Amino acid sequence: MNHDFILIDFVLVLVLENAFGCENEDDDEDEKKMTTDAKILSALRANLDGVSGAELAEQLGISRAAVWARIEELRKVGYDIEAGPHLGYKLVGSPDALHADDLLARLNCFRWGERPREPQSSKPKRLVRTLAPPGEFIIGRDIRVFERTTSTNDVIEKLARDGVKEGVVVFAESQTSGRGRLGRKWISPERKGLWFSILLRPDLRPQETTQLTVASATALRRAIQSETGLKPEIKWPNDILIAGKKVAGILTELSAELDRVRHVILGIGVDVNQGAGEFPPELRKLATSLKIESGRAISRPELAAAILRELDFDYARICAGQFTAVADEWEAHCATIGNDVTIQIGGRKIRGRAESLDEDGALLVRTEHGHLERITGGDVTVEK
Ligand code: BT5
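Presented here is a report on the structure given in the accompanying data block.

Cut-offs and rules
Residues numbered from 1 in each chain as written. Predicted model: local features only at pLDDT ≥ 70, side-chain atom pairs only at ≥ 80, totals over all residues. Heavy atoms only, no water. Axes fitted to C-alpha atoms, helices over the stretch in contact; angles between N-to-C directions. Helix = DSSP H or I, 4+ residues; strand = E, 2+ residues; numbered from the N terminus. Parallel < 35°, antiparallel > 145°, perpendicular 65-115°, else oblique. Contact = heavy atoms within 4.5 Å. Nonpolar A, V, L, I, M, F, W, Y, C, P; charged D, E, K, R; others polar. Phe/Tyr/Trp six-rings, centres within 6.5 Å; stacked < 30°, edge-to-face > 60°. Buried < 20%, exposed > 50% of the residue type's maximum accessible area, 1.4 Å probe, protein only. Near = heavy atom within 4 Å. Polar contact = N/O pair within 3.5 Å; in protein donor to acceptor, adjacent residues only side chain to side chain. Pairing = 2+ DSSP bridges.

### So, the packing of helix α9 (residues 300-319) against helix α10 (residues 323-332)
Where α9 contacts α10, the two axes come as close as 7 Å, and the packing angle between them is 130 degrees. Judged by the inter-axis angle, α9 sits oblique to α10. Together, Asp314, Arg317 and Ile318 of α9 and Phe323, Ala325, Val326 and Glu329 of α10 make up the contact between the two elements. Partitioning the contact of α9 with α10 into residue classes produces four nonpolar, no polar and three charged.

This is the structure in structure tokens:
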């Protein structure tokens, strides 16, 4: 029995076949998750110069009075929606809080490769895009937001056992027991970052799941760069760094049989709007936030949607067997490859030069004794 893949990086839960009743939910589950509020926000985002109440009502199959009532509710939770006889309804501002409807709307109003339309003219008040059909993407087709959880990975684990479809994302505004690898603590202050987990059910062998950590890192890097203009670097296996400090971490947890993955939970933490003094003293030299690095507050919902879109894109690449393309991109932005590293694996220390990734996403290190070691977990220090 080969248990190599248990090493360090993953929490592996070996489960007996059919131990849990993991039936997928109904096929219309995606449809159910798109509430009226999500549809209204999606239409408003797709039509930034305004959309008439009559058209919204027709598109959603509800009365104009019902549209108006929902708009009032959205205003109460912080959406700034202008209204006027010629303007129709126009979204001019959104709160920084995470709302599942809003995140769904952001994902449904445009997809990968399409960028949001800039406001152009106030004239045509027609819906320029109808809502994306459900099922067009996987990651984020079902989004749940909690004010507070223990760890979002725990919530996803429960959903996985209940048979919920892959792609569900759980966000928490704060976590009381956020964790890193090997039971380390992950600090998750309220409304300062993005603390979320995703359920995946990929058709991969357990030892290939490092591919998903690698894909998450490339997706996170792209999203952070496009939303902030910063240039993050990736540190194998699970860190995103800016100016040498950690700004995001990935925790990949796996439930598998001997040769088949049952489900993977990707837990992602991104430090977004903490000020320099808001990190605990022991982290101040090691950690940073996007706000500290960019000098401005970053919209968490906007960043969250960008990350989910990029993750979906990379997950599609992994599922299509295109890990090499993901790995090439990863290597191009990696602070580890080509450098001398020290890797601590439990009580063992390996020194050498990080050469590349292999086809499973493991790190290949040429040791000081000239051997090529395949590293699947551990803590890497890059020697300067
Ligand atoms: C990680 O572990 O970097 C994985 C972090 C994953 C967090 C997410 S949040 C949503 C989901 N739910 C969870 O419970 N977890 C995931 P690791 O490589 O072991 O790094 C942990 C170390 O990072 C700690 O020991 C600290 O030194 C440092 N650290 C803790 N909180 C941090 C923060 N907010 N920002 C930067 N570094 C932090």
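### Remarks on the packing of aromatic side chains
Considering all chains together, one arrives at one aromatic pair under this definition. Relative to Phe196, the ring of Phe171 lies with its centre 4.9 Å away and its plane at 25 degrees, an arrangement referred to as stacked. Taken together, the residues span a long stretch of sequence, with Phe171 in strand β5 (residues 168-175) and Phe196 in strand β6 (residues 193-200) at a distance of 25 residues. Take Phe171: its relative accessible area is 0%, and that puts it in the buried class. Take Phe196: its relative accessible area is 1%, and that puts it in the buried class.

### Looking at the site of the ligand
Taken together, 27 residues form the shell around the ligand, and within it Ser151, Arg179, Arg184, Lys246 and Asp271 come nearest. Contact between the ligand and Gln175: a nitrogen atom at 2.9 Å from a side-chain N or O atom of the residue. Contacts to the ligand include Asn238, whose side-chain N or O atom sits 3.1 Å from an oxygen atom. Sorting the residues of the shell around the ligand by element identifies α6 (152-161), β6, β9 (245-256) and β10 (261-271) as the ones contributing at least two each. The class makeup of the residues in the shell around the ligand is nine nonpolar, eleven polar and seven charged.

### Structural notes on the sheet that holds strand β15 (residues 379-382)
Sheet architecture is open: five strands sit in the order β14-β13-β12-β11-β15, paired in antiparallel fashion. A strand with exactly one partner marks an edge of an open sheet, and here the two such strands are β14 (372-375) and β15. The mean angle between the axes of side-by-side strands here comes to 45 degrees, regardless of whether they run parallel or antiparallel. Pairing between strand β11 (residues 340-345) and β15: four bridges, direction antiparallel. Bridged to Gln344 within β15 is Asp379.

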